[in-house]
Amino acid sequence: MIKWTYKQIKLFRWKYIFYIGCIILYTLISLLTPIIGKYIIDILIPNKQLKMLVGISCVWLGVECFRNSINIISENIYNFLKINCSYSIQQKIIETMQHTPWSFLVKQDMLYLSTRIYNDSNIVTEFVLGLTGNILSKLLMTIVAIGILIYIAGGLGIFLLAVIIIYVYVRYLYQKKLYNVIQKDRENQDTFLAEFLAQFLNMKFVQQYEIAKELIRKLNEKFQKYEKNSIDVQKTYSVFDGIDEMISSIGRVIIYLFGGYCIVMHKITIGEFVIVIDYFQMILGSIQEFTELDKKYKESKVSYARIKELLNKKEQENGIQYCHKVNSIACDRVFYKVNNQMIIQNFSYKFKRGNIYCIWGENGSGKTTLLDILLGLYNDKIDGKIKYNDIDIKYLDMRKMRREQISFVEQEPYLIQGSIENNVFLTEHYSRRSLKSVIEKLKFDSIDTMMKEERKIIDGKSEFSGGERQKIALVRLFIKTADILLLDEPTSALDVMSKERVMDYLQDIKQDKIIIIISHDWEIAELCDKVVKI
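Residues numbered from 1 in each chain as written. Predicted model: local features only at pLDDT ≥ 70, side-chain atom pairs only at ≥ 80, totals over all residues. Heavy atoms only, no water.

## Examining the nonpolar core
Put simply, the test is: Residues belong to a common nonpolar core when they are buried Ala, Val, Leu, Ile, Met, Phe, Trp, Tyr or Cys residues joined through side-chain atoms within 4.5 Å. Only protein chains enter the accessibility calculation, which uses a 1.4 Å probe; a residue is then buried when its area is under 20% of its type maximum, exposed when over 50%, and partly exposed in between. Only DSSP runs of H or I covering at least 4 residues are called helices, and only runs of E covering at least 2 are called strands; the numbering of each starts at the N terminus. The criterion used for residue contact is that any of the two residues' heavy atoms lie within 4.5 Å.
If you look at the biggest cluster of nonpolar residues, it comprises 38 residues, and the most contacted ones within it are Ile420, Leu474, Phe478, Leu506 and Ile517. When residues in this core are grouped by element, the largest group, 7 residues, is from helix α17 (residues 466-479). Apart from the residues within four sequence positions on either side, isoleucine 420 is in contact with Ile447, Met450, Met451, Arg455, Ile457, Phe464 and Ile472. Listed in part, the 33 residues of the second largest apolar core include Tyr336, Leu370, Ile406 and Val532.

Right, dumping it as structure tokens:
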């Protein structure tokens, strides 16, 4: 886990090195300040050297200001590293998910998955940065402080070292239990948060169907599971917090008894006793940090395991061949089933350039699934053969084909956040030169107006009617320089005149393209060259 996360941190190598330097410098200055205090108490005050006392105090103040400045700088660098390294991990997971078979993704709760990825990446990053930052600092501080304590009062330093060893052993006994409890709690927490966010995202749907009670009931069920595990985690943590408090209490009693005795017996000075107290507090702080390290290690170990689970998902198989010009798509005895239910059974057909095809069938007959299969989204699940220009789809680079040679309109057009222009020109394969002519021929003047007004899309749906979303998607479809056009119910939200203009435009451009339309509208089917029943 640590080695893997360091690879992300190395992307910001010099900032990381500077961060470690700041941590070491801050620690050394912190170790120096008690010695300055001892010098003032044991030498300057008894000898009444007021001028020197003022001078040393000013130097001390300057040192403290410098130390605080170093702390501010290191915290800023830490935040920079945490944000960027977490994002680097998130980006890797997203890239993996983008190439994961759709047959896996379609089964996932995306709200849960996004919450899980975000939380886990931050937990792992914080742990590793803390390990090399705070832990390095506390370890250095502990070693030096114990060394000085042993030098000043040997028995006390040895006693503290023995307490630490006992404490580490007790912590070891609880490791497995803590790991298991955290792992179960993390899953329930992410599931609950996903359901919690869904309440807000589905607010319009809730009001339309008045199902608030049902969704709250579902949320309560998720919360009850989360609550039970969360309480178990807190109970486990309370044991460790009790151990921390016990160590602190015993240590304070011993330090004051032992220190007071040494002062009375003139074995140490008051200044040395101040050093003992200060360094003891440093050691306690370090012990508490090591305690948190153990907790964070268990949490980050769970998070890392979940990150690797996603990163190790099998990538969708993708070939290397490419069709520069698609003349035909042939389906030969294609079968596709989900959970032992046959969705597409023994489908065979050859789609040729220069024709408009209408896929016709009852609801649930697999029409939309067929388009997904032609897109190559289910290559890992289908039986039978699909060939582009006599090249098996499994040997084609379908990512490149989808990016360059296939243009698609989904049944409910999805719009990304941003401007209309961002939604129309998704990649470099969408022609800006053809935009004006497409809008003019389709008479989609409202799209041109919205682009000039620079209207923004916030959540992809709420500000735009179904017809407006469909028009944006159709413009996006037609300006792409692609050989294959796949349209899933492309005119369901359009008025009669707009529908006719879309079909007329398809007739105008069909000579150089393979056009496949899914529609329940018989008028659309009659305007197509061939109707394919499924």
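So much for the structure itself; the text now carries on.
## With respect to the sheet that holds strand β9 (residues 484-488)
Put simply, the test is: Strands qualify as paired when DSSP identifies two bridges or more between them. For helices, the fitted line uses only the C-alpha atoms of the stretch in contact; every axis is such a line through C-alpha atoms, and the angle between N-to-C directions lies from 0 to 180 degrees.
Ordered in space as β6-β9-β10-β3-β11, the 5 strands form an open sheet in which the pairing is parallel. Two strands bound the open sheet, and with one partner strand each, they are β6 (406-409) and β11 (530-533). Each neighbouring strand pair of the sheet contributes to a mean axis angle of 20°, computed without reference to strand direction. In terms of strand pairing, strand β3 (residues 355-360) meets β11 through 4 bridges, oriented parallel. For tryptophan 360, the partnering residue across the bridge sits in β11 and is lysine 533.

## Here's the deal with the packing of helix α15 (residues 435-442) against helix α18 (residues 496-509)
Basically, it comes down to this: An angle below 35 degrees is treated as roughly parallel, one above 145 as roughly antiparallel, one from 65 to 115 as roughly perpendicular, and anything else as oblique.
Where α15 meets α18, the closest approach of the two axes is 9 Å, and the angle between their N-to-C directions is 130°. Compared by their axis directions, α15 and α18 come out oblique. Note on element contacts: α18 touches α15 through Arg501, Val502 and Tyr505, opposite Val438, Lys441 and Leu442.

## Topic: the sheet that holds strand β4 (residues 383-388)
Read across the sheet, 4 strands follow the order β2-β1-β4-β5 without closing on themselves; strand pairing throughout is antiparallel. Of all the strands in the sheet, the pair left with one neighbour each is β2 (341-352) and β5 (391-392).

## Observations concerning the pattern of salt bridges
Applicable threshold: We define a salt bridge as a contact between a side-chain nitrogen of Lys or Arg and a carboxyl oxygen of Asp or Glu at a distance within 4 Å.
Applying the stated rule across the entire model yields 14 salt bridges. Here lysine 385 ties to aspartate 392 by a salt bridge, and the two come within 3.2 Å at their closest N and O atoms. On the basis of relative accessible area, aspartate 392 is assigned to the buried category, the value being 8%. With a shortest N-O distance of 2.8 Å, glutamate 421 and arginine 432 are connected by a salt bridge.

## Some points on the packing of aromatic side chains
The following threshold applies: For Phe, Tyr and Trp, where Trp contributes only its six-membered ring, two rings pair if their centres lie within 6.5 Å, and the inter-plane angle classes them as stacked under 30 degrees, edge-to-face over 60, or tilted in between. For a lysine, the NZ atom is tested; for an arginine, the CZ atom; a charge sits over a ring if that atom is within 6 Å of the ring centre and within 35 degrees of the ring normal.
Throughout the structure, instances matching the rule amount to 9 aromatic pairs. When the ring of tyrosine 349 is compared with that of phenylalanine 351, the centres are 5.0 Å apart and the planes differ by 50°; the resulting orientation is tilted. Residue phenylalanine 351 is classed as buried on the basis of its relative accessible area, which comes to 0%. Taking the centre distance of 5.0 Å and the plane angle of 90° together, the rings of phenylalanine 351 and tyrosine 357 count as edge-to-face. By relative accessible area, which is 1% here, tyrosine 357 ends up buried. Connected via pairs of aromatic rings, a cluster forms that spans Tyr349, Phe351 and Tyr357. In this structure, lysine 15 packs its charged tip against the face of phenylalanine 80, placed 4.7 Å from the ring centre. Stacked on the ring of tyrosine 322, the Lys or Arg lysine 400 has its end atom at 4.5 Å from the ring centre.

## Details of the packing of α17 against α18
Relative placement of two packed helices is described by the angle separating their axes and the distance separating the axes. The line we're drawing: Ten residues, namely Ala, Val, Leu, Ile, Met, Phe, Trp, Tyr, Cys and Pro, are considered nonpolar, four, namely Asp, Glu, Lys and Arg, are considered charged, and the remaining ones, Gly among them, are considered polar.
Packing of α17 against α18 leaves a shortest axis separation of 13 Å and a crossing angle of 10°. Relative to α18, the element α17 is oriented roughly parallel. Counted together, Lys471, Leu474 and Phe478 of α17 and Ser498, Val502, Tyr505, Leu506 and Ile509 of α18 form the full contact between these two elements. When the residues that make up the contact of α17 with α18 are grouped by side-chain class, the tally is 6 nonpolar, 1 polar and 1 charged.

## Description of the pairing of strand β1 (residues 328-338)
Here 8 bridges tie β1 to β2, and the two strands are oriented antiparallel to one another. Across the sheet, the residue bridging to lysine 337 is methionine 342, located in β2. Remark: 2 residues form the turn of the hairpin made by β1 and β2, two consecutive strands paired antiparallel; asparagine 339 in that turn has positive phi of roughly 50°. In this structure, β1 lies alongside β4, joined through 5 bridges in antiparallel fashion. Looking at the pairing, aspartate 332 lines up with lysine 385 of β4.

## Section: the pairing of β4
Summarising the sheet, β4 and β5 pair through 2 bridges and their orientation is antiparallel. Of the residues in β5, the one forming a bridge with tyrosine 388 is isoleucine 391. As consecutive antiparallel partners, β4 and β5 are separated by 2 residues, and within that stretch asparagine 389 has a phi angle of approximately 55°, a positive value.

## Here's the deal with the confidence of the model for the protein
This is how it is decided: The predictor rates its confidence in each residue with pLDDT, a number between 0 and 100.
Here the protein shows a mean pLDDT of 82. Residues at 70 or above account for 87%. Per-element averaging of pLDDT across the protein places helix α9 (residues 203-209) at the bottom with 58 and strand β10 (residues 514-518) at the top with 96.

## Side note on the environment of isoleucine 359
Along the polypeptide, isoleucine 359 turns up in strand β3. Under the relative-accessibility criterion, isoleucine 359 is labelled buried at 0%. In the structure, isoleucine 359 is positioned 12 residues away from leucine 371 in sequence and 9.6 Å away in space, judged by C-alpha atoms. If near-sequence neighbours (up to four positions away) are discounted, isoleucine 359 is found in contact with Phe351, Lys367, Leu370, Ile516, Ile517, Ile518, Ser519, Val532 and Ile534.

## A short note on the side chain of arginine 476
For the record, the criterion: By the counting scheme adopted, Arg and Lys are positive, Glu and Asp are negative, and His together with the chain ends is not counted. A 3.5 Å cut-off defines polar contacts: any pair of N or O atoms within that distance qualifies, except that in protein one atom must be a possible hydrogen donor and the other a possible acceptor, and neighbouring residues in sequence count only when both atoms are side-chain atoms.
Tracing the chain through its elements places arginine 476 in helix α17. Summary of buried charges: arginine 476 has no salt-bridge partner, and the nearest side chain of opposite charge, glutamate 410, is 4.1 Å away. Only 3.1 Å separates the side chain of arginine 476 from the backbone oxygen of asparagine 423, close enough to count as a polar contact.

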